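# Observations on the model geometry
What follows is the residue order along each chain.
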Amino acid sequence: MKIREIIDALEKFAPLPLQEEYDNSGLQVGLTETEVSGALLCLDVTGDAVREAVRTGCNLIVSHHPLLFHPLSSVTDRTETERCVIEAIKNDITIYSAHTNLDKTRGGVNFVIASKLGLKNVRWIGGCGENYGAGLMGELDADMREDDFAEYVKQVFALVQMRHNAFNDRKIRKVAVCGGSGAFLIPDAYRNGADAFITGEIGYHRFYGYDDRMLLMEIGHYESEQFTLELLESLIESVSSDAPVRTVRIDTNLVKYY
């Protein structure tokens, strides 16, 4: 199977026109008409990830976050991004990214998050078409106390820590989710009647004013999107039974906890 065939399958599921204007999803580095020797999946392309691809014989890296967000004015060894480009080209590795298009498509990143939480009756909460939108809301099987729900979320996402606004003795049943930086959807989640909103990044001031309205939970950007790799793996394996698909073994989370 050629690399192009895997890319076609990814783009059929998550068309590139769905991506946000600021984004740069799609082919990042390399050629697409070569045969796939193996695909390495990661959230972020780092030097360690490229070296792992070389070491394991993978000539395709599929990431969630694009390696190239902005045009390069040079390709040297000065920055991590430039070094990754050089190493990928030297080792005939193609890099492809599916970012906000994968976030916004039906069955994409947020649907996986909702599934992990066991949410039912899932529906879009922002910027909706029938098959695309921003953020989801669903319902738990039964009401949960805030502290019990917080513990449940920590377990599902294997969290070291999370940030949240004040508990207010509310019951949690309707839950809104958005992987990554989803704070822009807080008003939409509230208007849709969410008892809790979970996302990767919120920021200090956006917590203000919701203590008596909705539980806000900031669980970490990487942590919120970790299950994206399972989605990418299933998409690739659905069209390729021969090429090995592996999830990166090294930790590519850019944020560390002390």
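Summarised in this report is the structure supplied together with it. (Residues numbered from 1 in each chain as written. Predicted model: local features only at pLDDT ≥ 70, side-chain atom pairs only at ≥ 80, totals over all residues. Heavy atoms only, no water.)

### Observations regarding the overall build of the protein chain
Which entries qualify depends on this criterion: Elements are defined by DSSP. Helices are runs of H or I of four residues or more, strands are runs of E of two residues or more, and each kind is numbered from the N terminus. The reference for a compact globule is 2.2 Å times residues^0.38; the radius of gyration itself is calculated from the C-alpha atoms. Burial classification: accessible surface area is computed with a 1.4 Å probe over protein chains only, and a residue below 20% of its type maximum counts as buried, one above 50% as exposed, and the rest as partly exposed. Contact between two residues is taken to exist if any of their heavy atoms lie within 4.5 Å; hydrogens are not considered. Using the Shrake-Rupley algorithm and a 1.4 Å probe, accessible areas are obtained, with residue cover drawn only from the displayed protein chains. For this count, His and the chain ends are skipped, Lys and Arg are scored as positive, and Asp and Glu as negative. Throughout, a charge is located at the NZ atom of Lys, the CZ atom of Arg, the CG atom of Asp or the CD atom of Glu.
Scanning the protein chain from terminus to terminus reveals 9 helices and 11 strands. The C-alpha atoms of the protein chain give 19 Å as radius of gyration, which agrees with the globular expectation for 258 residues (18 Å, within 12%). Over its C-alpha atoms, taken along the principal directions, the protein chain stretches across nearly 55 × 40 × 30 Å. In the protein chain, buried positions account for 50% of the 258 residues. Taking contacts inside the protein chain between residues at least 6 apart in sequence as the whole, the part at least 24 apart equals 64%. If you sum the accessible surface of the protein chain, you get close to 12,600 Å²; carbon and sulfur atoms cover 49% of it. Looking at the protein chain, you have 26 positive and 39 negative side-chain charges, and the mean spots of the two groups are 2 Å apart.

### Re the pairing of strand β9 (residues 196-199)
In plain terms, the rule: The criterion for strand pairing is that DSSP finds at least two bridges linking the strands in question. A clockwise course of the path from the first strand over the helix to the second, judged with the strands pointing away from the viewer, identifies a crossover as right-handed.
Side chains of β9 alternate between two faces, with Ala 196 and Ile 198 and Phe 197 and Thr 199 buried alike. Here 4 bridges tie strand β8 (residues 171-178) to β9, and the two strands are oriented parallel to one another. Across the sheet, Val 175 pairs through a bridge with Ala 196, a residue of β9. Handedness of the β8-helix α7 (residues 186-191)-β9 crossover: right-handed.

### Some thoughts on the pattern of salt bridges
Rule in force here: Salt bridge criterion: a side-chain nitrogen from Lys or Arg within 4 Å of a carboxyl oxygen from Asp or Glu.
A full pass over the atoms with the stated rule returns 16 salt bridges. Salt-bridge contacts for Glu 218 lead to Arg 163; the nearest nitrogen and oxygen are separated by 2.5 Å. Of this pair, Glu 218 sits in strand β10 (residues 215-218) while Arg 163 sits in strand β7 (residues 163-164); the two residues are 55 residues apart in sequence, bridging distant segments of the chain. Residue classification places Arg 163 among the partly exposed positions, given a relative accessible area of 39%. Salt-bridge contacts for Asp 188 lead to Arg 191; the nearest nitrogen and oxygen are separated by 2.9 Å. Here Asp 188 pairs with Arg 191, and both are found in helix α7, just 3 residues apart, close to one helical turn. With relative accessibility at 18%, the residue Asp 188 sits in the buried group. Judged by relative accessible area, which is 62%, Arg 191 ranks as exposed.

### With respect to the state of the cysteines
The cut-off we apply is this: In this description, a disulfide is simply a cysteine sulfur pair whose atoms lie within 2.5 Å.
The final tally for this structure, using the stated rule, is 0 disulfides. We note that Cys 84 lacks a disulfide partner, and the nearest cysteine sulfur, in Cys 42, lies 9.3 Å from it. Here Cys 128 is not cross-linked by a disulfide; its sulfur's nearest cysteine counterpart is in Cys 178, at 12 Å.

### What to know about helix α1 (residues 3-13)
In an α-helix there are 3.6 residues to a turn, and that puts residues three or four apart on one side. Which entries qualify depends on this criterion: This arc is taken over the directions from the axis of the helix to the C-beta atoms.
Turning to α1, its buried residues number three or more, namely Ile 3, Ile 6, Ile 7 and Leu 10. Take α1 and look down its axis: the buried residues cluster within an arc of 100°, on one side only.

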